[in-house]
Amino acid sequence: MTAVAPDTRALRAVYGAFPTGVTAVTALVDGRPVGMAASSFTSVSLAPPLVSVCMAHTSGTWSVLRRAERLGISVLGAQHAALCRRLAGPAAGRFADAAWRVAADGALLLDGASAWFACTVEQEVRAGDHDVVVLRVHDLHLDPDVDPLVFHASTFRSLSPGAPRPTR
């Protein structure tokens, strides 16, 4: 019996039932900020310290980011919903009104993140229409006072009790 793959709309809907944090994968390339939103971020290993993100083969932004010596992974805060939308949109306006800085090691990091990681590409594994990009963590920081941005069922949500209604 041959199994029929679910259509992509159904896959997106069911994948969306799993709430995730949202990260920004960023770098300074040729003196300019480059970045994109990624909700596929996950921890991989403690020793060595590794994390991963998944990048579509069709991503023009990833083809630019992968050239950077250091990548910044910023875990977006609850206040970053509009910035996240820009990071998922056209490349030209992604950093409009975004506050960012470059760390001593060259990683570009977004201000107001609930956490950040400075990384280098360790390995890329082809997986369907994406690559699983394994990143080695060289530096990191946590701001426990910043609530993370949560993405669930195509909607941004907050972990804070009494937070405003979700936004799309």
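Participant: Please provide a residue-by-residue account of the side chain of S52, values included.
Facilitator: Here S52 lies in strand 5 (residues 50–56). For S52, a relative accessible area of 5% puts it in the buried group.

Participant: Tell me what's going on with the sheet that holds strand 12 (residues 155–157), and back it up with residues and numbers.
Facilitator: Sheet architecture is open: three strands sit in the order 1-11-12, paired in antiparallel fashion. Taken across any chain shown, the strands that pair with only one partner, and hence form the sheet edges, are strand 1 (20–21) and strand 12. One ladder, built from two bridges, connects strand 1 with strand 11 (residues 150–152); its direction is antiparallel. By the bridge assignment, G21 is partnered in strand 11 with V150.

Participant: Break down the pattern of salt bridges for me, citing the residues and quoting the values.
Facilitator: For the coordinates displayed, the defined rule picks out five salt bridges. A salt bridge links D30 to R67; the shortest N-O distance between them is 3.3 Å. Of this pair, D30 sits in the loop between strand 2 (23–29) and strand 3 (32–38) while R67 sits in the loop between helix 2 (60–65) and strand 6 (71–75); the two residues are 37 residues apart in sequence, bridging distant segments of the chain. With respect to burial, D30 and R67 carry one shared label: exposed. Note that D111 and R101 form a salt bridge whose closest N and O atoms lie 2.7 Å from each other. Here D111, found in the loop between strand 8 (108–110) and strand 9 (115–127), pairs with R101, found in strand 7 (residues 100–102); they are ten residues apart in sequence, far enough to count as distant. Residue class for D111 comes out partly exposed when judged on its relative accessible area of 31%.

Participant: Can you tell me about the pairing of strand 2, naming the residues and giving the values?
Facilitator: Most of strand 2 sits inside the fold, with six of its seven residues counted as buried. Across seven bridges, the pairing between strand 2 and strand 3 is antiparallel. Bridge pairing in strand 3 links A24 to A37. Sheet analysis places strand 2 next to strand 6, joined by four bridges and oriented antiparallel. In the sheet register, V25 faces strand 6, and the bridge partner there is I73.

Participant: Go over the nonpolar core, please, and point to the residues and values.
Facilitator: Core analysis: the largest hydrophobic core is formed by 21 residues, its most contacted members being V25, L65, L71 and L135. The set of elements that each furnish at least two residues to this core consists of strand 2, strand 3, strand 5, helix 2, strand 6, strand 9 and strand 10 (130–142). Excluding residues that lie within four positions of it along the chain, L65 makes contacts with V25, T26, A27, V34, G35, M36 and L71.

Participant: Help me get a handle on the side chain of T120, residues and values and all.
Facilitator: Positionally, T120 belongs in strand 9. Among all residues touching T120, those that are not within four sequence positions of it are E69, R70, V134, L135, R136 and H138.

Participant: Tell me about helix 1 (residues 8–15), and please be specific about residues and values.
Facilitator: Buried residues are scarce in helix 1, accounting for zero of its eight residues. Capping the start of helix 1, D7 holds a side-chain oxygen 2.9 Å from the backbone nitrogen of R9, two or three residues further along.

Participant: Account for the sheet that holds strand 3, with residues named and values stated.
Facilitator: Spatial ordering of the open sheet is given by 3-2-6-9-10-5-4, a layout of seven strands whose pairing is antiparallel. Strand pairing shows two members of the sheet lacking a second neighbour, strand 3 and strand 4 (42–45), which therefore form its edges. On average, each strand axis in the sheet is tilted by 40° relative to the strand beside it, whichever way the strands run. Sheet analysis places strand 4 next to strand 5, joined by three bridges and oriented antiparallel. Pairing of S43 across the sheet is with V51, part of strand 5.

Thresholds, definitions, all that
Residues numbered from 1 in each chain as written. Predicted model: local features only at pLDDT ≥ 70, side-chain atom pairs only at ≥ 80, totals over all residues. Heavy atoms only, no water. Helix = DSSP H or I, 4+ residues; strand = E, 2+ residues; numbered from the N terminus. Buried < 20%, exposed > 50% of the residue type's maximum accessible area, 1.4 Å probe, protein only. Pairing = 2+ DSSP bridges. Salt bridge = Lys/Arg side-chain N within 4 Å of Asp/Glu carboxyl O. Core = buried A, V, L, I, M, F, W, Y, C linked by side-chain atoms within 4.5 Å. Contact = heavy atoms within 4.5 Å. Polar contact = N/O pair within 3.5 Å; in protein donor to acceptor, adjacent residues only side chain to side chain. Axes fitted to C-alpha atoms, helices over the stretch in contact; angles between N-to-C directions.

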